[in-house]
Each structure stands twice: as C-alpha cells, then as structure tokens.
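Close look at the chain arrangement
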Amino acid sequence: SLGAGVAALVAALWRDEARFPGVAVECVAFACPQVLDAELAMAQSNHTTSVVVGDDLVPRFSFATTEDLRNVALILSDPAAHGLSGSHSAAALLAMDARGDEEGLAAAYAAIRPLACIAPGRLFPSGRLVGLSDPGGPAPRALAQGDVDELRISADMASSHMPRRYLLAVQAVAHEGGAARL
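Keep in mind the model is a prediction, meaning the values are calculated, not measured.

**Let's talk about the sheet that holds strand β3 (residues 128–132)**
Taken together, the four strands give an open sheet; going across it, the order is β1-β2-β3-β4, and neighbouring strands pair in mixed fashion. Both edges of this open sheet fall to β1 (27–30) and β4 (141–143), since each of them pairs with a single strand only. Neighbour-to-neighbour, the strand axes of this sheet turn through a mean angle of 30 degrees, independent of strand direction. Across five bridges, the pairing between strand β2 (residues 48–53) and β3 is parallel. Within β3, the residue paired with Thr49 across the bridge is Arg128. This element, helix α1 (residues 2–16), spans β1 and β2 of the sheet and lies at about 160 degrees to β1. Across the sheet, helix α6 (residues 163–176) is in contact with β1, β2 and β3; its angle to β2 comes to roughly 110 degrees.

**Observations regarding the packing of aromatic side chains**
Applying the stated rule across the entire model yields two aromatic pairs. Judged by centre distance (5.0 Å) and plane angle (85 degrees), the ring pair of Trp14 and Phe20 falls under edge-to-face. You can call Trp14 partly exposed: its relative accessible area is 34%. With a relative accessible area of 38%, Phe20 lands in the partly exposed category. Ring centres of Phe30 and Tyr166 lie 6.3 Å apart, and the angle between their planes is 90 degrees; this geometry places the pair in the edge-to-face category. Of the two residues, Phe30 is situated in strand β1 and Tyr166 in helix α6; the sequence distance between them amounts to 136 residues.

Definitions and limits used
- Residues numbered from 1 in each chain as written.
- Predicted model: local features only at pLDDT ≥ 70, side-chain atom pairs only at ≥ 80, totals over all residues.
- Heavy atoms only, no water.
- Pairing = 2+ DSSP bridges.
- Helix = DSSP H or I, 4+ residues; strand = E, 2+ residues; numbered from the N terminus.
- Axes fitted to C-alpha atoms, helices over the stretch in contact; angles between N-to-C directions.
- Contact = heavy atoms within 4.5 Å.
- Phe/Tyr/Trp six-rings, centres within 6.5 Å; stacked < 30°, edge-to-face > 60°.
- Buried < 20%, exposed > 50% of the residue type's maximum accessible area, 1.4 Å probe, protein only.

See the structure below:
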C-alpha cells in the first residue's frame, strides 16, 4: 500500500518530466492509499490503475475519512445534538441490523452521511480505480472516486488489505478472463 502510493506518485513525476523519452511509464498500484486530490487523481488515469479488493480500508483511509468516522461516532452517541431522532442512535441502528431492517439502515445512512462526511481535504487513490472481489464474486468493475470516499466498516475491512487476498483476486480475474471486460 505505501509502495503503491509511492509508485503512483513516482510514475506521475516521471511522466511529467519525460524522464524516459520514448518509454511509456505506466503504473498498476495495489491498495494505493489516498495520495492526490480528486482532480490530480483523475489526471493520472491515462497511465495509472489502482486496484482495490473488497472493503480494503487503506484506499479509503485518510485524515478526512478519519474525521468523518469521528463525526459519525459523535452523531451516533447523541443524535439529538445533531438534529436527529433517537432512531439514529448506535443502539437503535444495532437493533435495526439485528432485525435485518435494511430499509431502515439505508434511511439512517442517508440522514447521517451529509452531517458526518464533511471533512475538507479529500484525497483519493491515483488514477483509474478498479474493484476486485474474492474468487467467485462479482466481475471486476470500474470504481468511481465516491466508492472510496468513506471508510467501510465491515468484518473484512482489514483482511481485505492482506497481500494474499489481492493475489487470489487477481488470479481469479486472470483465470476467468475478467480483465478483458473492463
């Protein structure tokens, strides 16, 4: 991940400086952290591809998304202080989850996100974003910057970052011929 961020930035510098005339400098970054603002990240998409597996936290982790997570925790601990009803408390949301109330959870998310995800200084992984799943999961898909603009709290947000998960996901795509579909 740190190496992916460095590689993406070095590739951009080398291309900008025409460091290697006649050589097409390209970068494939696995689990690239958020290193560039939205405009610069998109500007790298002609030569850099950042691959994200599942809910990997690293491509979604920055100072801004950490502030957003803090804001969510504050809102869930006292929703009334933020103009929300008690149905937006942590206990109420956990109860909704236990009941399988996906509609209620989606409505709560829609109410909380605009209040919580307001930190300035948003950063993104460099270049074109490609999402991979575990073997047998959905086909590779193009991701938008919004897909990595918040931390996804999930059971596998840390384990998705492990090198073996990336290796298995890439092998599955190669075996299934999924790369040609992007």
